[in-house]
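In case you want the letters, here they are:
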Amino acid sequence: MKLDAYIDTFLDLIYPRNIYCLLCNKSIQKTEKYSLCSSCREKIEFIKDKTCEKCGKPLDDFYILKECPDCIKTKHYFTKGFSCVEYNDPMKELVHKLKYKNQRYVAYHMAEMMIDKLKRQKIDFIDYIVPVPMYKEKEKNRGFNQSYLISKYIGKAMNWKVEKKNLIKIKDTNPQNQLTKDERKDNLKNVFMIQSKEQFKDQNILLVDDVYTTGNTTDACSKEIKKSDPKNIWVISFATGKNI
Ligand SMILES: [Zn+2]
Ligand SMILES: [Zn+2]
């Protein structure tokens, strides 16, 4: 076992799961799903049936088309995407805890929700989980890649391989949310690189990200993965915004 695997196992042992609420830290019953108290669970907008058939964003009831306006306008490179919750303020806080406050246990509960989503969508045939990669230096500074942490939990639960090294980020980029729509696409041009095309050939790939917003990052990754001619590229993210 490598050192980081030891650390993970150790963290798994010392972190008492399902004792405190993930959002408000109040003590809870061990049986509470996703480690949430009932009042915090109400603050979460779980994404249910009415979603875009391509990207998985929630759609309003009055909306009659099958794909969201964004997917009608923009061609995506992935097969289909799914998300668990709407990216509202409490969920922004949760993602922030994981990414910037080093509260890594959050990844475990995000993965729980993502696993349930995948099971409900009958996605049970994945060959490789691929976390959206981070630029080497950035990952070093943060100490971890949150998408990789989530991927590891999904992989463990579903018995799927996690492949972190085949898709890499070769350039540092500005955060997508600080750019205009046009800048966002340019920002991600030739940023990701696939190392071995053979590995993903004819395989079912599951790309994992924490938040799906415009889909630009997911698309840039999928475009690169597609060069290896995979069977499908499925996308799962924890949270997503609504665009209709
Ligand atoms: Zn709570
Ligand atoms: Zn869509």
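Please read these numbers as outputs of a predicted model, since none were measured by experiment. (Residues numbered from 1 in each chain as written. Chains lettered and ligands numbered in written order. Predicted model: local features only at pLDDT ≥ 70, side-chain atom pairs only at ≥ 80, totals over all residues. Heavy atoms only, no water.)

**Q** An account of the sheet that holds strand β3 (residues 161-162) is needed here, citing residue identities and associated values.
**A** The five strands are arranged β1-β7-β6-β2-β3 in an open sheet whose pairing can be described as parallel. The two strands at the open ends of the sheet, each matched to only one other strand, are β1 (80-86) and β3. Direction of pairing for strand β2 (residues 128-131) relative to strand β6 (residues 204-212): parallel, over a ladder of four bridges. Note that in β6 the partner of I129 across the bridge is L206. Strands β2, β6 and β7 (232-240) of the sheet are contacted by helix α10 (residues 216-226), whose axis makes an angle of about 165° with β6. (Pairing = 2+ DSSP bridges. Helix = DSSP H or I, 4+ residues; strand = E, 2+ residues; numbered from the N terminus. Contact = heavy atoms within 4.5 Å. Axes fitted to C-alpha atoms, helices over the stretch in contact; angles between N-to-C directions.)

**Q** Residue-level account of the coordination of the zinc ion (ligand 1), with values.
**A** The coordination sphere of the zinc ion (ligand 1), as far as protein atoms go, consists of C21 (SG), C24 (SG), C37 (SG) and C40 (SG), spread over 2.3 Å. Its four donor atoms give the zinc ion (ligand 1) angles of 104 to 115° at the centre, a pattern that matches the tetrahedral case. Within one chain, the residues serving as donors to the zinc ion (ligand 1) are arranged as C-x2-C-x12-C-x2-C. In this pair, C24 is assigned in the loop between α1 (3-14) and α2 (38-43) and C37 in the loop between α1 and α2, connecting sequence segments 13 residues apart. For C24, a relative accessible area of 31% gives the class partly exposed. (Donors = N, O, S within 2.8 Å, 3.2 Å for Na, K, Ca; no water. Tetrahedral: all angles 85-135°; square planar, octahedral: opposite > 155°, others 65-115°. Buried < 20%, exposed > 50% of the residue type's maximum accessible area, 1.4 Å probe, protein only.)

**Q** Kindly report on the domain arrangement of the protein, identifying the contributing residues and their values.
**A** As assigned here, the protein comprises domain 1 (1-43) and domain 2 (46-240). Relative to domain 2, the C-alpha centre of domain 1 lies at a distance of 23 Å. At the interface, 16 residues of domain 1 touch 18 residues of domain 2. When domain 1 packs against domain 2, the two sides together hide about 1,500 Å² of surface, and 56% of this comes from carbon and sulfur. Looking only at domain 1, the three residues that lose the most surface to domain 2 are L22, L23 and Y34, adding up to 42% of its buried area. Taken together, the connections running from domain 1 to domain 2 amount to one salt bridge. The partner of K33 in a salt bridge is D116, with the nearest N and O atoms 3.0 Å apart. Elements that contribute at least two residues to the side of domain 1 that touches domain 2 include exactly α1 and α2. For the side of domain 1 that touches domain 2, the element with the highest residue contribution is α1, accounting for three residues. A class-by-class count of the residues in the side of domain 1 that touches domain 2 yields five nonpolar, three polar and eight charged. (Domains from an automatic or database assignment. Buried area = accessible area lost by both parts, 1.4 Å probe. Salt bridge = Lys/Arg side-chain N within 4 Å of Asp/Glu carboxyl O. Nonpolar A, V, L, I, M, F, W, Y, C, P; charged D, E, K, R; others polar.)

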